[in-house]
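Below are the chains, spelled out letter by letter.
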Amino acid sequence: MVNEKYAALQAILREMETVVVAFSGGVDSTFLLKAAVDTLGADRVLAVTADSETYPTSELEEARELAKQIGARHQVIETSELAIPGYTENDKNRCYFCKSSLFDHLIPVMDQYGFNNIIYGVIADDLNEFRPGMKAAKEKGIRGPLQEADLFKEEIRELSRHFGLSTWNKPSFACLSSRIAYGETITKEKLTKVEKAEAYLKSLSIRQVRVRTHGDIARIEVEQADMALVLAHHEDITKKLQQFGYKYIALDLAGYQSGSMNKALKKEETI
């Protein structure tokens, strides 16, 4: 089944002929870039990474290296989510504003190279999640070949491993703004605080981590297997995160959950 889906993905890409890939260096966009280069050839593909306040420096450096390994042309553009009207207010449409602005930056790049399409790493799993960015993509004619080929995250990891991509087991990542509770104003200082806190926790060999921010409270989400590690280092973690600006440090016993901040939204707001 997964091989049939990959063949479907290749057929979709061939029909597109030339593509600009919105490339973050995550599991999905890395696989999409690899598939595009292998299917269309490097001269018909351009990876573009947006460097902004919500994107950690470590992720940018990894994206550069991954594009190089794949043999893809790679361009980094400067963007600023904090300058987007409506974004810093951090309501349920935050991701819509972000994706809409990103695509507005990518369209001139596509035109500059004379390419036909912009594609991004939305996947089949996202159909069951609250993803306002998908609305922005639809409005601007941006396509998601992985979703069109009905590829799910675990299948993408399987294929990534088959093709030798180091991202096959990379933890899921989302922009730093997703750590800040809806309704709290997003600032550069808060984003930096989150980035430092998560980098420190990862330095303790914690694989998947989110530092959800609720005012002065840091709500740490890790996988169940890493909870004992957090507790073993609780004194150092508390001291370090307080140095970064948090007053209270909590471990979420439910563990890591993608999009957990969406639980604060009413059901009708996520439809």
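Residues numbered from 1 in each chain as written. Predicted model: local features only at pLDDT ≥ 70, side-chain atom pairs only at ≥ 80, totals over all residues. Heavy atoms only, no water.

1. Examining the overall build of the protein chain
And then number 1: Counting secondary structure elements, the protein chain contains 10 helices and 7 strands.
And then number 2: Radius of gyration (C-alpha) of the protein chain: 19 Å, near the 18 Å computed for a compact globule of 271 residues.
And then number 3: Residues counted as buried form 50% of the 271 residues belonging to the protein chain.
And then number 4: In the structure as shown, the protein chain presents an accessible area of about 12,800 Å², 50% of it carried by carbon and sulfur atoms. (Helix = DSSP H or I, 4+ residues; strand = E, 2+ residues; numbered from the N terminus. Rg over C-alpha atoms; globule rule 2.2 N^0.38 Å. Buried < 20%, exposed > 50% of the residue type's maximum accessible area, 1.4 Å probe, protein only. Areas by Shrake-Rupley, 256 points an atom, 1.4 Å probe, with all protein chains shown as cover.)

2. Observations concerning the domain arrangement of the protein chain
And then number 1: By the assigned domains, the protein chain splits into domain 1 (2-163) and domain 2 (176-269).
And then number 2: For domain 1 versus domain 2, the distance between C-alpha centres works out to 26 Å.
And then number 3: Contacts between the two partners involve 15 residues from domain 1 and, on the opposite side, 19 residues from domain 2.
And then number 4: The junction of domain 1 with domain 2 conceals about 1,400 Å² of combined surface from both sides, 52% of it contributed by carbon and sulfur atoms. (Domains from an automatic or database assignment. Contact = heavy atoms within 4.5 Å. Buried area = accessible area lost by both parts, 1.4 Å probe.)

3. A short note on the UniProt feature "domain: NAD/GMP synthase" (unreviewed entry) in the protein chain
And then number 1: Residues given the UniProt feature "domain: NAD/GMP synthase" (unreviewed entry) here are residues 15-81.
And then number 2: Span residues 15-81 is 45% helix and 25% strand, its end C-alpha atoms 32 Å apart. (UniProt positions renumbered as here; feature names shortened; annotations may be inferred.)

4. Considering the pairing of strand β5 (residues 209-214)
When a strand is regular, its side chains alternate between the sheet's two faces.
And then number 1: Here β5 lies mainly inside the structure; 5 of its 6 residues are buried.
And then number 2: Sheet topology places β5 next to strand β6 (residues 217-222); 6 bridges connect them, and they run antiparallel. Bridging from a neighbouring strand, Val211 pairs with Ile220 of β6.
And then number 3: Hairpin connection between β5 and β6: a loop of 2 residues separates the two successive antiparallel strands, and Gly215 in this loop has a positive phi of roughly 65°. (Pairing = 2+ DSSP bridges.)

5. Here we look at the sheet that holds strand β1 (residues 19-22)
And then number 1: Read from one edge of the open sheet, 4 strands run β3-β2-β1-β4, paired in parallel fashion. Each edge of the open sheet carries a strand with a single partner, namely β3 (73-78) and β4 (117-119). Between one strand axis and the next, the sheet turns through 30° on average, direction left out of account.
And then number 2: Note that strand β2 (residues 45-51) and β3 share 6 bridges and pair parallel. Residue pairing in the sheet places Val48 in a bridge with Gln75 of β3.
And then number 3: Most of the contacts of helix α3 (residues 57-70) go to β3, to which it runs at about 160°, and overall it touches β2 and β3. (Axes fitted to C-alpha atoms, helices over the stretch in contact; angles between N-to-C directions.)

6. With respect to unusual backbone geometry
Negative phi characterises most residues that are not glycine, and trans characterises most peptide bonds.
And then number 1: Backbone geometry places Asn90, a non-glycine residue, at a positive phi of 60°.
And then number 2: Counting through the fold element by element, Asn90 comes out in the loop between β3 and α4 (94-113).

7. Some points on the sheet that holds β5
And then number 1: Taking strand neighbours across the sheet as the criterion, the 3 strands line up as β5-β6-β7 in an open arrangement whose pairing is mixed. Across the chains shown, the open sheet's two edge strands, defined by having one partner strand only, are β5 and β7 (248-251). Looking at each pair of strands side by side, their axes are set apart by 25° on average, direction ignored.
And then number 2: Bridging between β6 and β7 involves 4 bridges; their strand directions are parallel. Bridged to Ile220 within β7 is Leu251.
And then number 3: Where helix α10 (residues 234-244) meets the sheet, its contacts fall on β6 and β7, and the angle it forms with β7 comes to roughly 135°.

8. Things to note about the pattern of salt bridges
Any two side chains of opposite charge can pair, so long as their charged atoms come close to each other.
And then number 1: Within this structure, the stated rule accounts for 17 salt bridges.
And then number 2: Between Arg143 and Glu148 there is a salt bridge, with its nearest N and O atoms 2.8 Å apart.
And then number 3: Residue classification places Glu148 among the partly exposed residues on the basis of a relative accessible area of 40%.
And then number 4: Where Glu221 meets Arg212, a salt bridge forms, and the shortest distance between an N and an O atom there is 3.2 Å.
And then number 5: When its relative accessible area of 0% is taken as the criterion, Glu221 is described as buried.
And then number 6: Taking the relative accessible area as the measure of exposure, Arg212 reaches 2% and is therefore buried. (Salt bridge = Lys/Arg side-chain N within 4 Å of Asp/Glu carboxyl O.)

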